[in-house]
Amino acid sequence: MRPTGRLHLGHLVGALGNWVPLQDKYDCFYFVADWHALTSEYADTTRITGNVYDNVADWIGAGLDPEKSTFFVQSLVPEHAELYLLLSMVIAVPWLERVPTYKEQREALKDKDLSTIGFLGYPLLQTADVAMYDARFVPVGDDQVAHLELAREAVRRFNNFYGDVLVEPQPLLSSFPRLPGLEGDKKMSKSIGNTIHLSDTADEVRKKVMSMYTDPKRVRADIPGTVEGNPVFTYHDAFNPNTAEVDDLKARYRAGKVGDVEVKRKLADALNAHLDPIRERRAGVLAKPDRLKQILFDGSSRARRVAEETMTRVRDAVKISYK
Ligand code: AMP
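Rules used throughout
- Residues numbered from 1 in each chain as written.
- Predicted model: local features only at pLDDT ≥ 70, side-chain atom pairs only at ≥ 80, totals over all residues.
- Heavy atoms only, no water.
- Helix = DSSP H or I, 4+ residues; strand = E, 2+ residues; numbered from the N terminus.
- Buried < 20%, exposed > 50% of the residue type's maximum accessible area, 1.4 Å probe, protein only.
- Contact = heavy atoms within 4.5 Å.
- Areas by Shrake-Rupley, 256 points an atom, 1.4 Å probe, with all protein chains shown as cover.
- Lys, Arg positive; Asp, Glu negative; His and termini not counted.
- Charge placed at Lys NZ, Arg CZ, Asp CG, Glu CD.
- Phe/Tyr/Trp six-rings, centres within 6.5 Å; stacked < 30°, edge-to-face > 60°.
- Axes fitted to C-alpha atoms, helices over the stretch in contact; angles between N-to-C directions.
- Parallel < 35°, antiparallel > 145°, perpendicular 65-115°, else oblique.
- Left-handed = near helix turned anticlockwise from the far one by under 90°.
- Near = heavy atom within 4 Å.
- Polar contact = N/O pair within 3.5 Å; in protein donor to acceptor, adjacent residues only side chain to side chain.
- Expected span 1.5 Å × (residues − 1).
- Bend = angle between axes of the 7 residues up to and from the residue.

Undergrad: An account of the overall build of the chain is requested, with residue identities and associated values reported.
TA: The helix and strand tally for the chain stands at 14 helices and four strands. With respect to the principal axes defined by its C-alpha atoms, the chain has extents near 80 × 45 × 40 Å. Taken over 323 residues, the chain has a buried fraction of 47%. Considering only contacts within the chain whose residues lie at least 6 apart along the sequence, 76% involve residues at least 24 apart. Roughly 16,000 Å² of accessible area belongs to the chain as shown, and the carbon and sulfur atoms make up 54% of that amount. Looking at the chain, you have 44 positive and 46 negative side-chain charges, and the mean spots of the two groups are 2 Å apart.

Undergrad: Can you break down the packing of aromatic side chains residue by residue, with the values?
TA: The way to describe two aromatic rings as a pair is by their centre distance and the angle between their planes. For the structure on display, the rule yields 13 aromatic pairs. Among the aromatic side chains, those forming a connected cluster through ring pairs are W19, Y30, W59 and F71.

Undergrad: If you had to explain the packing of helix α4 (residues 79–88) against helix α8 (residues 122–131) to someone new, which residues and values would you point to?
TA: At a minimum axis separation of 8 Å, α4 and α8 run at an interaxial angle of 120 degrees. Judged by the inter-axis angle, α4 sits oblique to α8. Classified by chirality, the crossing of α8 by α4 is right-handed. From α4, H80, L83, Y84, L87 and S88 reach across to α8, where they touch L124, L125, T127, A128, D129 and A131.

Undergrad: I'd love a proper account of the site of the ligand, names of residues and values included.
TA: Taken together, 15 residues surround the ligand, and among them H11, D143, L179, M188 and K190 come closest. Between the ligand and the protein, one listed contact pairs an oxygen atom with a side-chain N or O atom of D143 at 2.9 Å. Between the ligand and M188 there is a distance of 2.8 Å, counted from a nitrogen atom to a backbone nitrogen or oxygen. Summarising the interface, the protein chains cover 87% of the accessible area of the ligand, which totals 480 Å² for the free molecule.

Undergrad: An account of helix α13 (residues 260–286) is needed here, citing residue identities and associated values.
TA: Relative to the 39 Å expected for 27 residues at 1.5 Å per residue, α13 spans 36 Å between its end C-alpha atoms, a close match to the ideal helical length. Of all bends in α13, the biggest is about 35 degrees, found at L275, and the proline P277 comes one to four residues later. All buried positions along α13 are accounted for by V263, K264, L267, A268, A270, L271, N272, L275, I278, R279, R282 and V285. Buried residues along α13 sit against α1 (9–22), α3 (48–62), α10 (202–210), α11 (231–239), α12 (243–254) and α14 (289–318).

Take a look at the structure:
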């Protein structure tokens, strides 16, 4: 995850919610990609390290456990930069130029100059991040599938030159790939600002929910409404465990027998019930900043031991090793 801002409900359903159960099935490495944050935030780097700690507090709040998984910071494992450099020797620039997010993101972030080598190389740095740990699977949302495809091609080409040295990663797709934002049409995203943060207070959550878009054609509560594609109901489906209540609200909404206010109030209640334990754990973590730093330093040294082994193998394969 890139430390470019506070984490929101999209991160919870699209990433963290899937990462938590994986901890009991796999040897997981979760990292904060501070170098990746620089690809778009290089002009103002003041908030990156603060976001690192804040995001990891959210991870722990959401149930990730540094005792079960390795948490690390990308720049504390500088071997990533070395592997990226070696990969860059064999990967053609057009391979990176045709990754769909390259053009899309440059269009979307027009206020930033993204004509840099760093931004073009983003998916190749990701390839290094993943290949460093012989990762077989990467838990991603559908927006990352093209990057993983590039990673597989890059690994295959590298292995063609130097032998079977890196592992080809496969995606583990999240079950809820894209949560819409509060206005309903675009995905929830920190660059759009249509978010509910995991760190929002119960009051902030309530206010944001009350301002959400619903069915625009429904100007009065007694007009039958549409549930499909209505973000308030998408959120009910994602966060309200009381399916009987959700079914009842949907039936009454379709029949024009419930007002938006009641549907939203119940959503705010469900969201706050979901977020309360996350907020509590998050506050506990942030109250002990030294412990949080220690978690990241310990995890980064553990990651670094694996990275050093991988790089010894890679340098040997490339025949750039001096002993
Ligand atoms: P980012 O904030 O773009 O660095 O995203 C980090 C991770 O969260 C990626 O795996 C994304 O797929 C996931 N993610 C971000 N926003 C959403 C969203 N609105 N719905 C589902 N997943 C998301």
